[in-house]
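# Descriptive structure summary
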Amino acid sequence: MGSFPKADQIDDGGMNRIVPASEPGGLAPLRPTEAPNELWEWLRLLNRRKALIVGCGLVAVALMALIIAQATPMYKASARLLLDTRTFKVVSTEAALSGVDTMNLGAIQSELEVIQSEFLIGRVVDKLGLANNPDFNGTKPPGFIDSAFAPLRELWATGISTLLAPAPKPAPAAQPAARTGRANEESDPRRRAAIGAVASHLSVTLLGRTFVILVTVESPDGTMSARIANALAEAYLADQIDTKNEANRRATEWLEQRLAELRRNLQVAEEAVSSYRRDKGLAGSPEGAMSSQTLNDLNAKYVAARSKRIEREARLVALSRASLNPGEIANIAEVAGNTTLAALRVQDVEINRKMAELGAMLGDNHPRMIQARSELASIRARFLSETQRITLAVRAELDAAKAEEDELKELVDKAAVVSGTASQYEAELKQLEREAQSNRTLYESFLNRFKELREQQDIQRADARILAYAQPSGAPSSPNYKTGLLAAFVIGCLLGMAGAVAAEKLDRVFRSAAQVEEATGVGVLGMVPEVKGAASVRSNVVAHVLENTTSPAAEAIRAVFTAISLGSLDRPPRVIAITSSTPSEGKTTFVAALGGLLTKMNASRRVLIVDLDLRQARMSAALGLKDRGGTIDDYLMGLKTLEECTRRHDNSGVDYILARPNTPNAPEILESHAMKAALATFAERYDLVILDGPPVMAVSDARIISRLADYTVFIVQWAKTPREVVKTAIGALVAVTNHVGVVINRVNLAKHARYGYGDHGDYYSRYRGYYGAGADAPGPQARPNLKLAKR
């Protein structure tokens, strides 16, 4: 009603809220919010839902124990095979009969598939007679669990699996008769069932990073498991030897056919060589070789004569050029080696030197100069004459070389005609001989390989060996009781956790003050713990609170009034209305306890409780009264005076005015001027008037009463009232008044402590001993009530 004080002037020590001075209206202020700790929230959820989680785990353990009890014990046995990494060679036949390449991982995986093949398992089934064993041929009656789940498996097989399964693979090609066995064995359903049973309980793996193959078989009989594992290992080794023998046999047959064909080809080729020699007259005759040799010799002579002729031509050309340029004649071999020409050249040089000296001293017409020139001309004439003689000699040699070349060329042409025919015959003969030799080499190679295969037929060995035979196991391998029960418990707990999360998400009630404030926007004044035991009856609750004024419930009720008072210090509310959204949320009990407790703790404080729930009128039951006396409607209608209608509670000393159940025209009475005048009178005579109103959602009376009161307290029952109902009811109250606060009532402290919200309820549950012995058991007060001076 009045203005609110500043935020820095009002502080209730953390128990109640602070009302900012700038906040419009009188709604209870909201508490400051913090970012939630996700991990801590999850841990709290698991803690408060641990019963559900553990319960699901125990149920799963019980079901698993039932399944394990009905399951057939299975025994495992393992045989070990070692792939031989050594190369075993007797003769070089690896190309035709290659073994397992142990360095190739793909080859090793192929061997693992061979051991798990249907053919190899079929040989073991036939050897051990598993087709007649009920544990393998499918004739053993199913157990209780199998019978119970049979309809589900049939539904899966006929409907669901066909929708989820991928497209069927094409059927494999039929195996040869030598590998598959007899037709009647293939058509035997018991044999097929036994093969499938062994294959489904067979495991073939590599042992670590070694070449050791672990063959593990599981069956209801430990001895049979060992026998099957050992039989599979032996069948694998036998299959390797059989495969090699079969390959050897096929290779031998093929080589025999090939040898016969090569033998015929060789005979035909050799006969062709002999016939050609005979027909061409080359058999034992060296004529072809002589013709070729003669042709080669003539070609060599012809080449030499031609080279000689070219050399003579080059000399003749050089001499012709030198005759025109005497300075170059010295470079010609014939001139350089001629002593006469050499002497003439010396004389020529000497005269030239002499003429140079005379020319320097004498004139050109001097007799000595004329004589020197005459001598030089004579020497050069002799030099030219000697050069011409050499040129004629070279020309004669050139003519002889040309004649020799022409003669040899004619001989080469004649010899080439004769040698060409012989060479053609020889080439054709050599071609026939090469074909015959090739056929002979190929025949001899196949013949040697055939002999090697024939020799190796009796020395075949497998590419693996049995490293350790399987031994029967004394203890069952499955079901594994510890692992199965532990896994069931873990899975059950996980399902329980999922259920806990779903329950939390589907929880539509309020369990903390923060939830109420977040959903409604109205602050929470306090949280009142629930009173359990015999005191849970309505009248006993009020008596318990009045007798144990230091109990958590009493302290919580006082804290609510403190919060209301501190919210309006300038004008404390004189008329307080108490209401709720639905019946049975404890509002009437709260009104009786609040009024009685305030009066008992301060005898000088005058408090009046007015029951305005004109429909139910349950205040008399809350105060433990049998006689109602004068009611509020009697006073409003003037039938009785205020003194006649007002009574005092013996235990607490609070005054009260009761109501009559099912009072007619309740809304008209509450909206009347008489009601407003009565409240004004009550406010003048009493320090505090508490109005017990009806639920908001039931009738419209609560909104009328809230408009008449200075402050309205809205009661929400912890973990019961639906959130939507609370939000709707508070919305209706806020529409008529802006002085509203929420009280969460009947809080189960034990359950609330699991949530760890850190609000009033968490404090009451964690520090219950702080409130003394009265918090746990009712009893008389040891100390007398204090009388405080009236304000």
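Parameters at a glance
- Sequence order as written defines residue numbering, which begins from 1 separately in each chain.
- Residues qualify for local features only when their pLDDT is at least 70, as the model is predicted, and side-chain atom pairs are given and counted only at 80 or more; totals for whole chains, interfaces and linings, by contrast, use all residues.
- Calculated side-chain values reflect all of the structure's heavy atoms, with hydrogen atoms and water omitted.
- We count a stretch as a helix when DSSP gives it H or I for four or more residues in a row; a strand needs E for two or more, and each element gets its number in order from the N terminus.
- Throughout this description, buried means an accessible area under 20% of the type-specific maximum (1.4 Å probe, protein chains only), exposed means over 50%, and partly exposed covers the range between.
- In these tables, accessible area is a Shrake-Rupley quantity obtained with a 1.4 Å probe, and a residue counts as shielded only by the protein chains included in the view.
- Every residue pair with non-hydrogen atoms within 4.5 Å of one another is taken to be in contact.
- A helix is expected to span 1.5 Å multiplied by its residue count minus one.
- This arc describes the spread of directions from the helix axis toward the C-beta atoms.
- When two cysteine sulfur atoms are found within 2.5 Å, that pair is recorded as a disulfide.
- A fitted line through C-alpha atoms serves as each axis, taken over the contacting stretch for helices, and the angle formed by two N-to-C directions is quoted from 0 to 180°.
- Each crossing is labelled by how the near helix is turned from the far one, with a counterclockwise turn of less than a right angle marking it left-handed and a clockwise turn marking it right-handed.
- Only Asp, Glu, Lys and Arg are considered charged in this grouping, and only Ala, Val, Leu, Ile, Met, Phe, Trp, Tyr, Cys and Pro are considered nonpolar; every other residue, Gly among them, is considered polar.
- Paired strands, as defined in this entry, are two strands with at least two bridges between them according to DSSP.
- Think of it this way: a Phe, Tyr or Trp ring, Trp meaning its six-membered ring, pairs with another when their centres are within 6.5 Å, and the plane angle makes it stacked under 30 degrees, edge-to-face over 60, tilted otherwise.
- A residue's pLDDT is the confidence the predictor assigns to it, expressed on a 0 to 100 scale.
- The working definition used for a salt bridge is a side-chain nitrogen of Lys or Arg within 4 Å of a carboxyl oxygen of Asp or Glu.
- Only residues above 30% relative accessible area that lack a salt bridge enter a patch, with like-charged residues linked at up to 9 Å and the nonpolar side chains Val, Leu, Ile, Met, Phe, Trp and Tyr linked at up to 5 Å.
- Charge convention: Lys and Arg are scored as positive, Asp and Glu as negative, and His as well as the terminal groups of each chain are ignored.
- Here the site of a charge means atom NZ of a Lys, CZ of an Arg, CG of an Asp or CD of a Glu.
- Any angle between 65 and 115 degrees counts as roughly perpendicular, while under 35 counts as roughly parallel, over 145 as roughly antiparallel, and the rest as oblique.

### A closer look at the overall build of the chain
- Within the chain, the secondary structure is distributed over 28 helices and twelve strands.
- When the 791 residues of the chain are sorted by exposure, 40% land in the buried category.
- Taken as a whole, the chain presents about 43400 Å² of accessible surface, with 56% of it coming from carbon and sulfur.

### Section: the environment of Gly492
- Structurally, Gly492 can be placed in helix H15 (residues 481-506).
- For Gly492, a relative accessible area of 2% puts it in the buried group.
- Distance from Gly492 to Gly55, taken between C-alpha atoms, is 8.2 Å for residues 437 residues apart in sequence.
- Each residue touching Gly492, except ones within four places of it in the same chain, is listed here: Ile53, Cys56, Gly57 and Ala60.

### Structural notes on the environment of Thr340
- Inspection of the secondary structure assignment puts Thr340 in helix H13 (residues 339-361).
- Residue class for Thr340 comes out partly exposed when judged on its relative accessible area of 36%.
- Thr340 sits 43 residues away from Phe383 along the chain, and the two C-alpha atoms are 8.4 Å apart.

### Quick notes on helix H2 (residues 50-70)
- Its 21 residues give H2 an end-to-end C-alpha distance of 30 Å, which sits within 8% of 30 Å, the value for a rise of 1.5 Å per residue.
- Every buried residue belonging to H2 is among Ile53, Gly57, Ala60 and Ile68, and all of these are buried. Within H2, the buried residues cover an arc of 75° as seen down the axis, which keeps them to one side. For H2, exposure combined with an orientation more than 90 degrees from the buried face picks out Ala51, Leu58, Val59, Leu63 and Ala69.
- In this fold, the buried residues of H2 make contact with helix H1 (38-48) and H15.

### As for the state of the cysteines
- With the rule as written, the count across this model stands at zero disulfides.
- Of all cysteine sulfurs in the structure, the one in Cys56 sits closest to Cys493, which takes part in no disulfide; the separation is 8.0 Å.
- The class for Cys493 is buried, based on a relative accessible area of 12%.

### Observations regarding the packing of H2 against H15
- Between H2 and H15, whose axes approach to 7 Å, the crossing angle comes to 145°. With respect to the hand of their crossing, H2 and H15 are arranged in right-handed fashion. Two secondary-structure elements touch here, H2 through Leu52, Ile53, Val54, Cys56, Gly57, Leu58, Ala60, Val61, Met64, Ala65 and Ile68 and H15 through Tyr481, Gly484, Leu485, Ala488, Phe489, Gly492, Cys493, Gly496, Met497, Gly499 and Ala500.
- For the contact of H2 with H15, the residue count by class is 17 nonpolar, five polar and no charged.

### Considering the sheet that holds strand E10 (residues 688-692)
- If you trace the eight strands from one edge of the open sheet to the other, you get E5-E12-E11-E6-E10-E7-E9-E8, paired in mixed fashion. Strands with a single pairing partner mark the edges of an open sheet, and in this sheet they are strand E5 (524-529) and strand E8 (647-648).
- Relative to strand E9 (residues 655-657), E8 runs antiparallel, the two sharing two bridges. By the bridge assignment, Arg647 is partnered in E9 with Tyr656.
- Contacting E5, strand E6 (575-580), strand E7 (607-611), E10, strand E11 (711-717) and strand E12 (740-747), helix H19 (residues 587-601) runs over the sheet at an angle of about 165° to E10.

### Section: the packing of aromatic side chains
- Evaluated as defined, the whole model comprises two aromatic pairs.
- Between Trp254 and Phe446, the ring centres sit 5.7 Å apart and the planes meet at 50°, which makes this aromatic pair tilted. Separated by 192 residues along the polypeptide, Trp254 in helix H10 (residues 222-280) and Phe446 in helix H14 (residues 367-456) bring together distant segments of the chain.
- Given a relative accessible area of 47%, Trp254 falls into the partly exposed group.

### Some remarks on the confidence of the model for the chain
- Residues at a pLDDT of 70 or more form 77% of the chain, whose mean pLDDT is 79.
- The secondary-structure element of the chain with the lowest mean pLDDT is helix H7 (residues 177-180), recorded at 46, while E10 shows the highest, at 97.
- Within the model, the stretch residues 177-181 combines pLDDT values under 50 with seven contacts to residues more than four positions away or in other chains.
- Confidence drops under pLDDT 50 across residues 773-791; counting only partners more than four residues distant or on other chains, this segment forms 28 contacts.

### Some thoughts on the side chain of Asp634
- With respect to the helices and strands, the residue Asp634 is situated in helix H21 (residues 632-636).
- A residue is classified by how much of its surface remains accessible, and Asp634, at 7% relative accessible area, is buried.
- Contacts of Asp634, omitting those with residues within four sequence positions, involve Leu639, Lys640, Cys645 and Arg660.

### Considerations on the pattern of salt bridges
- Tallying each qualifying case throughout the model produces 29 salt bridges.
- A salt bridge links Glu504 to Arg48, with the nearest nitrogen and oxygen atoms 2.9 Å apart. Of this pair, Glu504 sits in helix H15 while Arg48 is found in helix H1, placing the two residues 456 residues apart along the sequence. A single burial state applies to Glu504 and to Arg48, both of which are buried.
- Notably, a salt bridge pairs Arg192 with Glu118, separated by 2.0 Å at the nearest N-O pair. Of this pair, Arg192 sits in helix H9 (residues 189-200) while Glu118 sits in helix H4 (residues 118-128), and the two are 74 residues apart along the sequence.
- Judged by its relative accessible area of 36%, Arg192 is partly exposed.
- Assessed through its relative accessible area of 41%, Glu118 is described here as partly exposed.
- If you follow the salt bridges from partner to partner, you end up with Glu246, Arg249, Arg250 and Glu253 in one network.

### Focus on a positive patch on the surface
- There is a patch of like positive charges on the surface, built from Lys50, Lys532, Lys751 and Arg754.
- One can find Lys532 in the loop between E5 and helix H17 (538-547).

### Observations regarding the pairing of strand E3 (residues 212-219)
- Burial analysis of E3 places eight of its eight residues in the buried class, which makes it a mostly covered element.
- The two faces of E3 match: Val212, Leu214, Thr216 and Glu218 on one face and Ile213, Val215, Val217 and Ser219 on the other face are all buried.
- In this sheet, E3 lies alongside strand E1 (residues 75-83) in antiparallel orientation, the contact comprising eight bridges. Bridging from a neighbouring strand, Tyr75 pairs with Ser219 of E3.
- Taken together, the five bridges between strand E2 (residues 202-206) and E3 define a ladder with antiparallel strand orientation.

### Examining the packing of H4 against H9
- Put simply, H4 and H9 touch, their axes get as near as 9 Å, and they point 115° apart. Classified by the interaxial angle, the pair formed by H4 and H9 is roughly perpendicular. H4 and H9 meet at a crossing whose hand is right-handed. Residues Glu118, Ile121, Gly122, Arg123, Val125 and Asp126 of H4 touch H9, and the partners they reach there are Arg191, Arg192, Ala194, Ile195, Val198 and Ala199.
- Of the residues that constitute the contact of H4 with H9, the class distribution is six nonpolar, one polar and five charged.

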